Amino acid sequence: MTTLQIDHTSRWFGNVVAVNDVTMTIGPGVTGLLGPNGAGKSTLINMMAGFLAPSTGTVTLDGGTIWRNEGIYRHIGIVPEREAMYDFLTGREFVEANAELHGLGSSEARRALATVEMEYAQDRKISTYSKGMRQRVKMASALVHEPSVLLLDEPFNGMDPRQRMQLMELLRRMGEEGRTVLFSSHILEEVEQLASHIEVIVAGRHAASGDFRRIRRLMTDRPHRYLVRSSDDRALAAALIADPSTAGIEVDVQEGALHIQAVDFGRFTALLPRVAREHGVRLLTVSPSDESLESVFSYLVAA
């Protein structure tokens, strides 16, 4: 089992602290590194890739230090965010060059290009590629040696919807195969669709870790919002509003529902069915309305 370990790691540039005392473990499967632009995601990935030395702390792969350890590149594939490439090469030449660095040949390069569905443009110069095509040929280069760890920095930038779905399916399949896949994004939908686990970075600090719904439920100091439909919304609202577990209830006549803001998650989830039973109200729909990753992210950034 291949595991990346970041242990009390910081990185600063002059007086600017880009990553501040971050500790996390990245194991097999697909992990999303989520955070706004400028949060420190790229700096963290560059340290995992061995491109940057930590100012303090350690970054290791299966216990071995990554910084100045050339041997780790047999196990790691990297898709950087930067667009700068060797534009005078064709896609095939670019991937073959990386294959040669690993002691591999053109057959492995062809396989990698086929994996990302770039055979049709492999003999065109990279200078003619769209941004999405550049992303895919970088992906092919990263996969040419079949790494056990794949690090991707904003990999979906510039991809059209079809390309994005293809890459998502590829990464999902690699995670299911037991590889360790980490991708960064500031697009909440991408992470929610793909990652089985998330790590949230806000202003260089590690803000949260785990499944986004679980993170949301653990945030008991924040209000939870629910959409409730019942056989008698007004009677239910009158009974619930008196309890301190609710901070506000809106009766939406047009939608035929209640929008409830609960400040005590545990108390409210026990209260709702009991109050409905006591008042003879039948619950038709009870659904959280703020468990999207976007909601979790907005709470974490505001914290």
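Higher on the page you've got the structure.
Everything numeric in this text was worked out from a predicted model, so none of it was measured.

Brief notes about the side chain of Ser245
Tracing the backbone shows Ser245 in the loop between helix H8 (233-241) and strand E12 (246-252). There is a polar contact of 2.8 Å between the side chain of Ser245 and the side chain of Asp243.

Notes on empty space enclosed by the protein
Counting across every chain of the model gives one cavity of 30 Å³ or more. Around the largest cavity, the lining residues are Ile45, Asn46, Ala49, Phe51, Ile78, Val79, Pro80, Glu81 and Asp153. Mapped by element, the contributors of at least two residues to the lining of the largest cavity are helix H1 (41-48) and strand E6 (76-79). Across the lining of the largest cavity, the residue classes tally to six nonpolar, one polar and two charged.

Side note on the sheet that holds strand E4 (residues 56-61)
To summarise the sheet geometry, strands pair through backbone hydrogen bonds and adopt either a parallel or an antiparallel arrangement. Taken together, four strands build an open sheet; the order of strands is E2-E1-E4-E5 and the sheet is antiparallel. The open sheet has two free edges, formed respectively by strand E2 (16-26) and strand E5 (64-65), since each of these has just one partner strand. Pairing geometry for strand E1 (residues 4-13) and E2, over seven bridges, is antiparallel. In the strand pairing of E2, Phe13 is matched with Val16. Packed onto the sheet, H1 meets E1, E2 and E4 and runs at close to 120° relative to E1.

Examining the sheet that holds strand E13 (residues 257-262)
The sheet built from four strands is open, its strands ordered E12-E13-E11-E14 with antiparallel pairing. On the outer flanks of this sheet lie E12 and strand E14 (283-288), each paired with one strand and no other. Direction aside, the axes of adjacent strands within the sheet are offset by 20° on average. Of the strands in this sheet, strand E11 (224-230), E12, E13 and E14 touch H8, which is tilted by about 165° from E12. Here helix H9 (residues 265-278) sits on the sheet and contacts E11, E12, E13 and E14; the angle it forms with E11, its principal contact strand, is near 10°.

Remarks on the layout of surface pockets
Each pocket or cavity is described by its volume, and for the largest pocket that value is around 600 Å³. Surrounding the largest pocket, 21 residues form its lining, Ile78, Pro80, Phe94, Asn98 and Ser141 being those nearest its centre. Those elements giving two or more residues to the lining of the largest pocket turn out to be E6, helix H2 (91-101) and helix H4 (131-143). When the residues that make up the lining of the largest pocket are grouped by side-chain class, the tally is 14 nonpolar, five polar and two charged.

Comments concerning the nonpolar core
Within the largest apolar cluster, 46 residues are counted, with the highest numbers of intra-cluster contacts made by Val95, Met139, Leu150 and Leu171. Top element by residues in this core is H4. It accounts for six residues. When sequence neighbours within four positions are dropped, the list of residues in contact with Leu171 reads Val30, Met139, Leu150, Leu152, Phe156, Val181 and Leu194. In this structure, Val19, Leu52, Ile72 and Ile76 belong to the second largest nonpolar core, which totals 24 residues.

A short note on the environment of Ile76
Counting through the fold element by element, Ile76 comes out in strand E6. Between the C-alpha atom of Ile76 and that of Gly50, which follows or precedes it by 26 residues, the distance is 9.9 Å. Beyond its immediate sequence surroundings of up to four residues, Ile76 is in contact with Met48, Leu61, His145, Pro147, Val149 and Leu151.

Here's the deal with the packing of aromatic side chains
Scanning the entire structure with this criterion turns up three aromatic pairs. Ring centres of Tyr86 and Phe88 lie 6.1 Å apart, and the angle between their planes is 75°; on these two criteria the pair is classed as edge-to-face. Both residues of the pair, Tyr86 and Phe88, belong to the exposed class.

What about the pattern of salt bridges?
This model, assessed by the stated rule, comprises 12 salt bridges. One salt bridge connects Arg164 with Glu190, and the closest N-O pair in it is separated by 3.5 Å. Within this pair, whereas Arg164 is found in helix H5 (residues 161-176), its partner Glu190 is found in helix H6 (residues 188-194), the two being separated by 26 residues in sequence. Judged by its relative accessible area of 24%, Arg164 is partly exposed.

Thresholds applied
- Residues numbered from 1 in each chain as written.
- Predicted model: local features only at pLDDT ≥ 70, side-chain atom pairs only at ≥ 80, totals over all residues.
- Heavy atoms only, no water.
- Helix = DSSP H or I, 4+ residues; strand = E, 2+ residues; numbered from the N terminus.
- Polar contact = N/O pair within 3.5 Å; in protein donor to acceptor, adjacent residues only side chain to side chain.
- 1 Å grid on protein atoms, 1.4 Å probe; cavity = no way out; pocket = protein on both sides within 12 Å on 5 of 7 lines; lining within 4 Å.
- Points joined across faces, edges and corners; volume = space filled by probe spheres on them.
- Nonpolar A, V, L, I, M, F, W, Y, C, P; charged D, E, K, R; others polar.
- Pairing = 2+ DSSP bridges.
- Contact = heavy atoms within 4.5 Å.
- Axes fitted to C-alpha atoms, helices over the stretch in contact; angles between N-to-C directions.
- Core = buried A, V, L, I, M, F, W, Y, C linked by side-chain atoms within 4.5 Å.
- Buried < 20%, exposed > 50% of the residue type's maximum accessible area, 1.4 Å probe, protein only.
- Phe/Tyr/Trp six-rings, centres within 6.5 Å; stacked < 30°, edge-to-face > 60°.
- Salt bridge = Lys/Arg side-chain N within 4 Å of Asp/Glu carboxyl O.

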